[in-house]
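Reading the structure
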Amino acid sequence: MSERADIQSDEQHYDPQALQAKWQRRWEELQPFRADDDPADTRERRYVLDMFPYPSGDLHMGHAEAFAIGDVVARYWLQRGHNVMHPIGWDSFGLPAENAAIKRNAHPAEWTYANIDTQANSFKRYGISFDWSRRLHTSDPEYYRWTQWLFTRFFERGLAYRKGGLVNWCPADQTVLANEQVKDGRCERCGAEVVRRELTQWYFKITDYADRLLDDMTQLEGEWPERVLTMQRNWIGRSEGADVDFAIEGRDEPVTVYTTRPDTLYGATFFVVAPDAPLAEEIVSEEQREAFEAYRAEVAKLSDIDRLSTEKEKTGVFLGRHAINPVTGERMPVWAADYVLSDYGHGAIMAVPAHDQRDLDFARAFDLPVQVVVHTGLADPGETGVATAGEGTLVNSGPLDGLSKAEAIKKIIEVLAGRGTGRAAVNFRLRDWLLSRQRFWGCPIPIIHCPDCGEVPVPDDQLPVTLPDMRGEALAPKGVSPLASADDWVTVACPKCGGSARRDTDTMDTFVDSSWYFLRYVDPSYEEGPFDVEKLRLWGPVDQYVGGVEHAVLHLLYARFFTKVLHDMGMVDFTEPFRRLLNQGQVINQGKAMSKSLGNGVDLGQQIDAYGVDAVRLTVVFAGPPEDDIDWADVSPAASQKFLARAFRVMAEAGAASAPGADVSTGDLELRRFTHRTVDEVTKLAESHRFNVAVARLMELTSAARRAIDAGPGAADPAVREAAEALAVMLSLVAPYTAEEGWERLGRSASVARAGWPVVDPALLVQESVTCVVQVAGKVRDRLEVSPEISEAELEALALASDKVRAFLDGDPRKVIVRAPKLVNIVP
RNA sequence: GGGGCCGUAGCCCAACGGUAGAGGCGGCAGUCUUAGGAACUGUACAGAGCGGGUUCGAAUCCCGUCGGCCCCA
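Residues numbered from 1 in each chain as written. Chains lettered and ligands numbered in written order. Predicted model: local features only at pLDDT ≥ 70, side-chain atom pairs only at ≥ 80, totals over all residues. Heavy atoms only, no water.

- An unreviewed UniProt entry annotates chain A as Leucine--tRNA ligase originating from Streptosporangium sandarakinum.
- Per UniProt, chain A carries the Catalytic activity (unreviewed entry) text "tRNA(Leu) + L-leucine + ATP = L-leucyl-tRNA(Leu) + AMP + diphosphate".
- Among the UniProt annotations of chain A, the heading Subcellular location (unreviewed entry) holds the following wording: "Cytoplasm". (UniProt positions renumbered as here; feature names shortened; annotations may be inferred.)

As C-alpha cells, then:
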C-alpha cells in the first residue's frame, strides 16, 4: 500500500489497473454481452457495429476513439433493455501483411494472425462490450469461401465481368486500383502517383445500380451525416442531358457524344476526342498521324491531376478530320486533346467555347471560332476569355431562338429525336468497380480460364479456392500476380470440359471482403451459405454503424451495392445495410496527424498504463462531439482519472453507509431532484449522441452527491445511494471498470452493464420555482423567483412592479413581451 | 471555379431565437500538508472572427467579408 493510506482509506483507493484485471476475469465468466439469437427473446433487437479493423499492429488512438464511441451506443441500448448484438472481426486480407511477409521471409498469415491476437487482447483490455462468439476474419477460408461464392453469383447474374481498357495502376503497390481508391490522382493507400495502363481486368457492374444507390439515399436522410450523403451523390454524379450523334466525314457510323448542354448545339464549333480513346486512333488522317502519335505518347506520361488542372496550358492536335454539326450542317474540325478523358461519356465531346470555360481556353489557344448562342447579358466570351455558362436567352440557334435554357434543352431533344440523331440521356460519373488485384494476400477470384469453354466459375462444391502456400521473396511484386508463378496451383482441369485450364491468378480487392461481413456476424460459422438468412431477418439491418469518414465513397458505397444485389437475389429483406451512421473524428496531436516522422505519436498502450482504460475512454468521449477531431495536446487523461476516482469514492462511501433496497422516498429531496433531472438529461443526450455533454452531467451529479455526503444529509441518506447507483449505471457506458467496481461496492450484483437504465420519476422533474429574467429593451434589469405555473398577466404585473425595472422606465411601456415563466421583456 | 461545415474565456468545449457558461484543462487564492503532490473550497478571464440586416430580443436566422477544414471540379 502506498503512503496515501493515511489520507485515503484502503477501501476507497482507486486503482484502475487492479480493477481491469479483476473485471476482465469476471466478464469472461458472466458473458454479459452475448446477443441472443433465440426468436423467443422478445426484447427489441439492436445491431451496433464498428467498422472492423485492419490488423496492422496493435490498436492505436484512432481505434480508441471509434470503439469507445460505438461502445457507448451498444452499452446504452443494453441498459435500455434491448437485445444488443455488438460483434467484432478483422478485415484481415491486404497488402501490409504481404509486404511484411516479403521483408521477413514469412507467410502473410503469420504476421496477420499475430496482429489479430494482439488487437483482440487489447480490445478485451479496453473493455469493449463485444460478443466475442461472433468473431470472424476475412482471410479465413471459411469466410472467403463465401466471398468467392458471392462472386460466382455476381458472375452468373452478369454483375461480374472482365473487360480490357485503361486502368489506374499504382507503381508502388504494383497493382491496379479502383477509381474510388484514387484520390487526387494518387494511390489512396500509399500516396504514389497513379498511372494509366491498358489491362484486362474484372469489374463489378455497380453502374447498373447507380440510380438505386442514389434514390435510396432518401432512406438515409437525417440518419447519416449529410456530408457523406453529399459525397456519395457527387461520386455517383448523375447528370441529365442528351446523346447527340455527329457524322464524321469518311466514317460510316456517326459518333455519339454526351452533353449536359444540348441547348448550345448551335454554338458547337469543334469536336474533341480523348487522345487515348480508340476513336482518335481510328479516325486520325494519314497526314496528322505522326503528330497525333507523338501527342498521345506525351499525354500518356501525364497523370489525371495534370490533365485536368485548370492551371495547365491547353494542348492538343488536329486529327485532320471533320465532324458535321447535325443542326447547322457546318464542318467542325476534330481535335484530340488531353482535357477530355476517355472514360467520360463516350470519350468525345462537342466543344461549345462560348459557354464552357475549358472549351474556350482551348479555342483561344488554337484560334478556333467562338459562337455565342446564349445571350446572358455578359460580355462576349470571345473578347473576354470568360465563358458564360449561366442562364440566358437562346440566340443564333434557329428554332431555339428566344427560348430559355430549360425550354431549349427540351426543344432540341425533340428536334434531334425526330430526326433520329439524338435523344435524352442520363450520364453517371460512377464507373464500374475494378476488383482485380495483382497481389497475393487476398481472396482468389474463383474463375478458371479454359481455352475451349472460356471463363468458367469454380463450382460451389469446390469452394473455397484456397491460396497456395507462398512466402517471402515469392510474393515480391512483379507487376503480375504472385499466384501466376504457382504452376501447380494455376494448372487445373476445366470444370466444364475437363480439359487443361488455368486458374485466374488475381485476387479480389479487399473492399469485396468488407462489403458483406456485417451480414455474416449473425452466424459466422454458418455453412449453408454466406449468412443465415433467417437469423439476418432477426438482426438486420445494422441499427448503428460507427466508423471514419474516409470510407464515404469506398466501403460504404460498395456495401450498399452488395446489399442491393443480395436484396435482388432474395437473400436480404432490406435495401440499405446501415440505418444510422456516425463518423467519429480523428485523434491528432499538436494540431497534426500522428506520424513517426513528426515524432508526435501517442501510444494507446502507454496511455492505458499511465491512466487506466476508463480514463482513456472517458477522455476521448468527453473531449468533444464524437465527429470532431481530438487533439491529444488539448485533453487531459489525468483529469479524467481524477474524476473517476471521485466518482468511485462517492459510490464506495454510499455503499459502505447503506444497503440496497432502502426507501428512496425518504431521501433528501434536493439531491433526488438533481439525480432525476440528470438521468433525464443524460438519456436525451445519449439518444442524440452528445456524449461529451452527458459526461459533463455525470460530473455534476458526482459533485452533487459529494456535497450531500460532506455537507448535507450524509452518506447513509437513501438519496445518496440513489444518486450513486444512477451514477454507476450511467457511468458504465464510458467507464465500465469503475462502474462495475462501484456497483459491487453498492452491494449490487454484477454486471452493472445489465443493471437497467435508471427510471425517471416525472414528479421529481417539476421545479418549485424558476428564475424569471426581466429585461428592459433587451437588457437584464431584474430577476424574480416565481412559480413555474405563473400566468402571463401575473408575471407582467410582477415585473412592472419591480423597483429595479421602474428605474429604467419613464411612463408607460410601449410593449411588454411575456414568456412565462422564464422571461419578460419590456419595451419602453 | 462551385458547394458544404466551422470560428464562443489562455485552451478543449456547452447553451429550444430569450440571463453568454453546463463541464473540463490551465491560472490564482485558500483548507490540509514539514514540503511537494493528492484531496477539498473559492475565484478571475470572453460579449461571440469582422461588418451589415431581420426581431421586443441574435452566439443562434439572413446577406457580405476574413480565416480554417472538407467535397466536387
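Digging into the packing of aromatic side chains
- Taken as a whole and assessed by the stated rule, the structure comprises 42 aromatic pairs.
- Summarising the aromatic geometry, the rings of Phe204 and Phe562 are spaced 5.7 Å apart at their centres and angled 85° between planes, so their arrangement reads as edge-to-face. Note that Phe204 is positioned in strand β9 (residues 195-204) and Phe562 in helix α18 (residues 555-568), a separation of 358 residues in sequence. Pair check on accessibility: Phe204 and Phe562 agree, each one buried.
- Note on Trp335 and Phe362: the rings are 5.5 Å apart at their centroids and 85° apart in plane angle, and the pair reads as edge-to-face. Residue Trp335 is found in strand β14 (residues 331-337), and its partner Phe362 is found in helix α11 (residues 357-366); the two are separated by 27 residues along the sequence. Both residues of the pair, Trp335 and Phe362, count as buried.
- Ring pairs connect the aromatic residues Phe151, Phe154, Phe155, Trp202, Phe204, Tyr209, Trp433, Phe511, Tyr558, Phe561 and Phe562, which therefore count as one cluster.
- Across from the ring centre of Trp169, 4.1 Å away, lies the NZ or CZ of Arg197, which sits over that ring. (Phe/Tyr/Trp six-rings, centres within 6.5 Å; stacked < 30°, edge-to-face > 60°. Helix = DSSP H or I, 4+ residues; strand = E, 2+ residues; numbered from the N terminus. Buried < 20%, exposed > 50% of the residue type's maximum accessible area, 1.4 Å probe, protein only. Lys NZ or Arg CZ within 6 Å of the ring centre and 35° of its normal.)

Let's talk about helix α19 (residues 604-611)
- What α19 keeps buried is the set Leu604, Gln607 and Ile608. When α19 is viewed along its axis, its buried side chains cluster within an angular range of 100° and face the same direction.
- As for α19, its buried residues are in contact with α1 (16-30), α2 (61-79), α4 (108-125), α20 (613-622) and α21 (637-657).
- In this structure Asp603 caps α19, since a side-chain oxygen of it lies 3.2 Å from the backbone nitrogen of Gly605.
- Remark: Gly612 follows α19 within two positions and exhibits a positive phi of approximately 95°. (Arc of directions from axis to C-beta. Contact = heavy atoms within 4.5 Å. Polar contact = N/O pair within 3.5 Å; in protein donor to acceptor, adjacent residues only side chain to side chain.)

A short note on the protein's contact with RNA strand B
- Neighbouring RNA strand B are 29 residues, the closest being Arg429, Pro625, Met699, Arg783 and Asn825.
- Here the atoms of RNA strand B within 4 Å of the protein split so that 73% fall in sugar or phosphate, with bases taking the remainder.
- Between RNA strand B and the protein, one listed contact pairs a sugar or linking oxygen with a side-chain N or O atom of Asp634 at 3.4 Å.
- Breaking the surface near RNA strand B down by element, the ones donating at least two residues are α7 (226-236), α21, α23 (691-711), β31 (770-776), β32 (779-786), β33 (815-819) and β34 (823-827).
- Of all the elements, α23 adds the most residues to the surface near RNA strand B, at five residues. (Near = heavy atom within 4 Å.)

As for the pairing of strand β27 (residues 578-583)
- Relative to β27, strand β26 (residues 542-547) runs parallel, the two being bridged by five bridges. Each bridged residue has a counterpart across the sheet, and for Val546 the counterpart in β27 is Leu582.
- Handedness of the crossover joining β26 and β27 through α18: right-handed. (Pairing = 2+ DSSP bridges. Right-handed = clockwise from strand over helix to strand, strands pointing away.)

So, the confidence of the model for chain A
- The predicted model of chain A has a mean per-residue pLDDT of 90, with 97% of residues at 70 or higher.
- In the model, residues 1-9 has pLDDT below 50 throughout and makes five contacts with residues more than four positions away in sequence or in other chains.
- Here the predicted complex scores 0.92 on pTM and 0.93 on ipTM. (pLDDT = per-residue confidence, 0-100.)

Observations concerning the packing of α23 against helix α24 (residues 718-731)
- One can describe the packing of α23 onto α24 by two numbers: an axis separation of 10 Å at closest approach and a directional angle of 155°. The orientation of α23 with respect to α24, classified from their angle, is roughly antiparallel. Crossing angle aside, the handedness with which α23 passes α24 is left-handed. Here α23 contributes Leu698, Leu701, Thr702, Ala705, Ala708 and Ile709 to the contact with α24, which in turn contributes Val720, Ala723, Leu727, Met730 and Leu731.
- In terms of residue class, the contact of α23 with α24 is made up of ten nonpolar, one polar and no charged. (Axes fitted to C-alpha atoms, helices over the stretch in contact; angles between N-to-C directions. Parallel < 35°, antiparallel > 145°, perpendicular 65-115°, else oblique. Left-handed = near helix turned anticlockwise from the far one by under 90°. Nonpolar A, V, L, I, M, F, W, Y, C, P; charged D, E, K, R; others polar.)

So, the sheet that holds β34
- With mixed pairing, four strands are arranged side by side in an open sheet as β32-β31-β34-β33. Each having just a single partner strand, β32 and β33 make up the two edges of the open sheet. Here the average twist between neighbouring strands, direction ignored, is 15°.

Section: the sheet that holds β26
- Taken together, the four strands give an open sheet; going across it, the order is β2-β1-β26-β27, and neighbouring strands pair in parallel fashion. Strands at the two margins of the open sheet, each flanked by one partner only, are β2 (83-85) and β27. Geometrically, the sheet is characterised by an average inter-axis angle of 20° between neighbouring strands, direction not taken into account.
- Bridge count between strand β1 (residues 45-50) and β2: three bridges; the pairing is parallel. Considered in β2, the bridge of Tyr47 is made with Met85.

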